[in-house]
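Observations on the three-dimensional arrangement
Residues per chain, in single letters:
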Amino acid sequence: MHNVLPESYVLYHTEGCHLCELAAALLNAAEVPFTAIDICDDEALAERYGVCIPVVKAADERCLFWPFDATQLQEFLGA
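Residues numbered from 1 in each chain as written. Predicted model: local features only at pLDDT ≥ 70, side-chain atom pairs only at ≥ 80, totals over all residues. Heavy atoms only, no water.

**Topic: the overall build of the protein chain**
Using the following cut-off: Numbering goes from the N terminus for both helices and strands, where a helix is a DSSP run of H or I of at least four residues and a strand is a run of E of at least two. Only protein chains enter the area calculation, which uses a 1.4 Å probe; residues under 20% of their type maximum are buried, those over 50% are exposed, and those in between are partly exposed. The contact criterion used is simple: two residues touch if any of their non-hydrogen atoms lie within 4.5 Å.
Each helix and strand counted, the protein chain has three helices and four strands in total. Of the regular secondary structure in the protein chain, the N- to C-terminal order runs β-α-β-α-β-β-α. Looking at the protein chain as a whole, 35% of its 79 residues are labelled buried. For the protein chain, the proportion of contacts with a sequence separation of at least 24, taken over those separated by at least 6, is 57%.

**Here's the deal with the environment of His13**
Inspection of the secondary structure assignment puts His13 in strand β1 (residues 9–13). In the structure, His13 is positioned 39 residues away from Cys52 in sequence and 9.3 Å away in space, judged by C-alpha atoms. Sequence-distant contacts of His13, defined by excluding residues within four places in its chain, comprise Cys20, Ala36, Ile37, Asp38, Ile39 and Ile53.

**Notes on the nonpolar core**
What counts is decided by this rule: As used here, the term nonpolar core means buried Ala, Val, Leu, Ile, Met, Phe, Trp, Tyr and Cys residues forming a set that is joined through side-chain atoms within 4.5 Å.
Formed by Tyr9, Leu11, Ala23, Ala24, Leu27, Val32, Val56, Ala58, Leu64, Phe68, Leu73 and Phe76, the largest nonpolar core amounts to 12 residues. The element contributing the most residues to this core is helix α1 (residues 18–29), with three residues. Dropping the residues within four chain positions of it, Tyr9 is found in contact with Val32, Pro33, Phe34, Thr35, Val56, Lys57, Ala58, Phe76 and Leu77. Counting residues in hydrophobic clusters, the runner-up holds 10 residues, among them Tyr12, Cys17, Ile37 and Ile39.

**Regarding the packing of aromatic side chains**
We count it as follows: Each aromatic pair joins two rings of Phe, Tyr and Trp (for Trp, the six-membered one) with centres within 6.5 Å, and gets the label stacked for planes under 30 degrees apart, edge-to-face for over 60, and tilted for any other angle. Throughout this description, the term charge over a ring refers to an Arg CZ or Lys NZ atom that lies within 6 Å of the ring centre and within 35 degrees of the ring normal.
Under the definition given, this model contains three aromatic pairs. Residues Tyr9 and Phe76 carry aromatic rings whose centres are separated by 6.3 Å and whose planes lie at 55° to one another, so their mutual orientation is tilted. In this pair, Tyr9 is assigned in strand β1 and Phe76 in helix α3 (residues 70–77), connecting sequence segments 67 residues apart. Assigned by exposure class, Tyr9 and Phe76 land together as buried. Both rings, one in Tyr12 and one in Tyr49, keep their centres 4.5 Å apart while their planes meet at 15°; by these two values the pair is stacked. Pair noted here: Tyr12 is in strand β1 and Tyr49 is in helix α2 (residues 43–49), with a separation of 37 residues, a long-range link. The same class applies to Tyr12 as to Tyr49, namely buried. The ring of Phe76 carries the charged tip of Arg62 above its face, separated from the ring centre by 4.4 Å.

**Considering the state of the cysteines**
Filter applied, for reference: When two cysteine sulfur atoms are found within 2.5 Å, that pair is recorded as a disulfide.
This structure, assessed with the given rule, holds one disulfide. Here Cys17 connects covalently by a disulfide to Cys20, the sulfurs 2.4 Å from one another. Looking down the S-S bond of the Cys17 and Cys20 bridge, the torsion is 75°, so its handedness is right-handed. Taking the relative accessible area as the measure of exposure, Cys17 reaches 13% and is therefore buried. Judged by relative accessible area, Cys20 falls into the buried class, the value being 4%. Here Cys40 is not cross-linked by a disulfide; its sulfur's nearest cysteine counterpart is in Cys20, at 9.5 Å.

Here it is in structure tokens:
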């Protein structure tokens, strides 16, 4: 189980995923605190998100699935 601060977000990704790099860049540009978790390190995560990554998950369990842009990210963040 991964511990995530309530005010932070999780980016589910995997190494070598170009779309995941784009999602991380959007989060960084928006100055969003996030923890990157490689789904390949956890079989359950790989099974759940394997065909969906990148996925941003909020502390309240809401998920934003790719594709998304900066505007959609801001809406998801509640900005």
